[in-house]
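What follows is the residue order along each chain.
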Amino acid sequence: GDDGYELWLKYKPVTDSSIKAEYLRYLSFISKSGNGEVMQSALRELQTGLKSLLGKNVNVKNAVGNKSGGIILRLDPSTDTAKLPEEGYRIQLSAGNIVISSKSESGILYGTFALLRHMQMQLSVKTLNLASSPKVRYRMLNHWDNPDGTIERGYAGSSLWKWYELPERVDPRYQDYARANASLGINGTVLNNVNASARFMSQEYIVKVAAVASVMRKYGIRTYLSVYFAAPKTLGGLPSSDPLDPKVRAWWKEKVALIYKEIPDFGGFLVKANSEGEPGPQDYGRTHADGANMLAEAFQPYDGIVIWRAFVYKADANADRFKAAYEEFVPLDGKFDPKVILQVKNGPIDFQPREPFSPLFGNMPKTPLGVEFQLTQEYLGFATHAVYEAPIFKETLESDTYVNGAGSTVAKVIDGSLHGHSRTLMAGVANTGSDRNWTGHPLAQANWYAFGRLSWDHQLTSDQIATEWAGLTLTRNQKAMEPIVKLMLKSREIYVGYNTPLGLSRPWMGVHFAPEPWQSRGSRPDWTAVYYHRADSVGLGFDRTVSGSNALAQYRPEVQQQWNNPDKTPLPYLLWFHHVAWNKELSTGRTLWQELLTRFYTCANSVVWMQQQWDLAKPSLDPQVYTDVAARLKVQHREAIWWRDAWVLYLQTFARQLIPKDFEPPK
Ligand code: GCU
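Conventions adopted
- By convention here, each chain's residues receive numbers from 1 onward along its written sequence.
- Where totals are concerned, whole chains, interfaces and linings use all residues; where local detail is concerned, this predicted model gives features only for residues with pLDDT of at least 70, and gives and counts side-chain atom pairs only at 80 or more.
- The split into domains, and so the bounds of each, comes from an automatic or database assignment of domains.
- Working definition of a contact: two residues with C-beta atoms, positioned from the backbone, lying within 7 Å.
- Where helices and strands are cited, they refer to DSSP runs of H or I of at least four residues and of E of at least two residues respectively, numbered from the N terminus.
- The nonpolar class holds Ala, Val, Leu, Ile, Met, Phe, Trp, Tyr, Cys and Pro. Asp, Glu, Lys and Arg form the charged class, and all remaining residues, Gly among them, are polar.
- Nonpolar core, as used here: buried Ala, Val, Leu, Ile, Met, Phe, Trp, Tyr and Cys residues forming one set through C-beta atoms within 7 Å.
- Any residue with 12 or fewer other C-beta atoms within 10 Å of its own C-beta is exposed, any with 20 or more is buried, and the rest are partly exposed; the C-beta atoms used are placed from the backbone.
- Residue proximity rests on one test: whether the C-beta atom, placed from the backbone, lies within 6 Å of the molecule or strand.
- Two strands qualify as a pair provided that DSSP identifies no fewer than 2 bridges between them.
- When the strands point away from the viewer and the connection leading from the first strand across the helix to the second strand turns clockwise, the crossover is called right-handed.
- To get an axis, a line is fitted to the C-alpha atoms, and for a helix only the part in contact is used. The angle between two axes follows their N-to-C directions and goes from 0 to 180 degrees.
- A score from 0 to 100, pLDDT tells how confident the predictor is in each residue.
- Reported orientations rely on four angle classes, namely roughly parallel under 35 degrees, roughly antiparallel over 145, roughly perpendicular from 65 to 115, and oblique for the rest.

Draft legend 1. Summary view of the domain arrangement of the protein. The domain boundaries assigned to the protein delineate domain 1 (17–132), domain 2 (138–461) and domain 3 (496–655). Between the C-alpha centres of domain 1 and domain 2 there is a distance of 33 Å. Taken together, the 8 residues of domain 1 in the interface contact 8 residues of domain 2. Where the side of domain 1 that touches domain 2 is concerned, the elements lending two or more residues are helix H2 (37–54) and helix H3 (105–120). At 4 residues, the largest contribution of residues to the side of domain 1 that touches domain 2 is made by H3. In terms of residue class, the side of domain 1 that touches domain 2 is made up of 4 nonpolar, 3 polar and 1 charged.

See the structure below:
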């Protein structure tokens, strides 16, 4: 059976005989220029891949002269690969060889994976001509992993990083992790939780991190750390961690220097400061810019960066959390050191199943803004619900901010093209863990895959990526792939329907799983469910127009227009911006109450449809994978009904309406 460990790198033997004949023409040798570690990885990957796809050991020949019939890995400074030439690649047929060229070894590695992907999909190489370069420079995973091996919001086992046995023992799995990322174009990884332990700044841990970094380096991946802002005090024994205190600045400089001694290609720091109780510069009356710039100063001698998170909100039940990041950060535009990138969650609140795009995008033109997506399914049903996330990522990326007129999409903000930035970033909160199949739910592998592919090229479509992933990972059978891809593409909408229809909002308390919309006692005044969903006897939803919090004013007029009139707001966003009366008739002809019922019921039922799609593919699926997903879909159905009923019963206490006698949830 397939235990999922090989992910999308299965390299199953090519079965199409005419395609196989085509490929065999290029297997008489591999030649390479360059001898660095990354080139070695490319070569190793190519040899492994070809052996497994085509059953042939292909040897390296270095002086090939005019020979044809091979694959050439050519490190070539003149390679013409558009915008970000360093990591771009070109794959062409030339003089009877397949030639992969790039300016860098990393580019060769990415090209090699692209060729192997092409071959895994059994596509012809007769007119091979592929060129690609990344649209975003820093493409990275954020691990919310703790030193004790737990993972905050992790649902696939414990941490991959075995701190207690490092640096002496380096788990071979680190290399498999690096390979998987490199195959997608991911080039950075933050090893530890943003709620960071100061321990990672100790020499003891720096050498452990260095051992992991040496594995990552072989695959073109740079290692980063999250830092605890108060480390100078708690670890360094200084009286404060004030960013304007020269002793504190000196402490960070020395720390960064020590890190670079052990990790010459260290990527930089990720910082969560003055956010959810974490320490930060505001503890000393300083700004986020003061804090970030202090760290940036420590990185001046090196090629590292500071990624500062914009995830902030106040413990104030009267404030609108939606507005908080904009209010704190927009006034700081232009004040950040050029080495700082601001990392902004895709939506204004917190990775909800559907959020409008964060109003920060486009509104800080002088500051490079990166986007942070969440792969781990904190609000998406953990590891028992199948939710394909590419449509979530795409929805944000394609949103138009209108800051420089129509077409000013979030994608153009974060790829730097709108405001001319070259330090550009896409980050994904990882969904990996020690489970054999990496992600718990076998279909959640697709979310890692989709994030990686989109971080390289945000123009790929959800459909393309799903088809590619399913083909590489589950089956090559066209007939089986269709229902799987359909299931994937609809899964997010189905989840939203039984979880947060119509823009309903509910960051749950506790573990963020159970449907507890009634939760009224968090540890903070704003951490209650009613704060988010605003149910009362009149209606439901958060008024963010002028009559309410006026958060809409943070967007450009064109965007406001889409959302400021309750009669014209697209239904998926309705309750994000309006408090709507229970009996108000919506564009569907149903009242709000009826529409909620319809969605809760239809979408909970739709999980049965998902099961049917999965069953259609069964004959072509590995039995182990089939059974695992089929069982999880059963759990999903049970929980979807549970969530539906919990919401309906709870909302009834406000709406005081019955489920109509003749209500027949559409099948
Ligand atoms: C969410 C999540 C936390 C996490 C935080 C963050 O609130 O529940 O676990 O620390 O986001 O992104 O910093």
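Draft legend 2. Summary view of the nonpolar core. Among the nonpolar cores identified, the biggest contains 195 residues, and Val 271, Leu 295 and Val 306 are the most heavily contacted of them. The biggest single contributor to this core is helix H18 (residues 592–617), with 12 residues. Excluding anything up to four places from it in sequence, Val 306 contacts Gly 268, Phe 269, Val 271, Ala 292, Leu 295, Ala 296, Phe 299, Lys 339 and Val 340.

Draft legend 3. Just the site of the ligand, in detail. In the neighbourhood of the ligand, the contacting residues comprise Glu 152, Arg 153, Val 194, Asn 195, Lys 272, Glu 276, Phe 311, Asp 350 and Glu 378. Grouping the amino acids of the shell around the ligand by side-chain chemistry returns 2 nonpolar, 1 polar and 6 charged.

Draft legend 4. Molecular detail of the pairing of strand S1 (residues 29–32). Only one face of S1 is buried, namely the one carrying Ile 30 and Lys 32, since none of Phe 29 and Ser 31 on the opposite face is buried. In this sheet, strand S2 (residues 70–75) lies alongside S1 in parallel orientation, the contact comprising 4 bridges. Counterpart to Ile 30 in the pairing with S2 is Ile 71. Handedness of the crossover joining S1 and S2 through H2 is recorded here as left-handed.

Draft legend 5. Spotlight on unusual backbone geometry. Along the chain, Leu 166 connects to Pro 167 via a cis peptide bond; the corresponding omega equals 0°. Among the structural elements, Pro 167 can be located in the loop between strand S6 (138–142) and helix H4 (173–182). A positive phi is found at Leu 7, a non-glycine position, where the angle reads about 50°. Note that Leu 7 resides in the segment before helix H1 (17–24). A positive phi angle is found at Arg 656, which is not glycine, with a value near 50°. Structurally, Arg 656 can be placed in the segment after helix H19 (623–655). Take Arg 656: there are 10 C-beta atoms within 10 Å of it, and that puts it in the exposed class.

Draft legend 6. The sheet that holds strand S12 (residues 369–374), seen in detail. Here we have 8 strands rolled up into a closed barrel, ordered S6-S7-S8-S9-S10-S11-S12-S13, and parallel in their pairing. Adjacent strand axes in the sheet meet at a mean angle of 25° when their direction is disregarded. Pairing geometry for strand S7 (residues 188–190) and strand S8 (residues 222–227), over 3 bridges, is parallel. Note on S8: the bridge partner recorded for Thr 189 is Thr 223.

Draft legend 7. Structural view of the confidence of the model for the protein. Overall, the predicted model of the protein reaches an average pLDDT of 96, with 98% of residues at or above 70. Two summary scores accompany this predicted model of the complex, namely pTM at 0.98 and ipTM at 0.99.

Draft legend 8. Region of interest: the environment of Lys 584. Structurally, Lys 584 can be placed in the loop between strand S15 (580–581) and H18. Taking the number of C-beta atoms within 10 Å as the measure of exposure, Lys 584 has 16 and is therefore partly exposed. Once the C-alpha coordinates of Lys 584 and Asp 567 are considered, the two residues, 17 residues apart in sequence, prove to be 9.9 Å apart.

Draft legend 9. Broad picture of the environment of Ala 514. Take Ala 514: it is sitting in the loop between helix H14 (478–499) and helix H15 (529–533). Distance from Ala 514 to Trp 642, taken between C-alpha atoms, is 9.2 Å for residues 128 residues apart in sequence.

Draft legend 10. Broad picture of the packing of H2 against H3. It is at 8 Å that the axes of H2 and H3 come closest, and there the two elements cross at 10°. As summarised for this structure, H2 and H3 are arranged roughly parallel, according to the angle between their axes. In this structure, H2 uses Val 38, Met 39, Ser 41, Ala 42, Glu 45, Leu 46, Gly 49 and Leu 53 to contact H3, whose residues at the interface are Glu 105, Ser 106, Ile 108, Leu 109, Thr 112, Phe 113, Leu 116, Met 119 and Gln 120.

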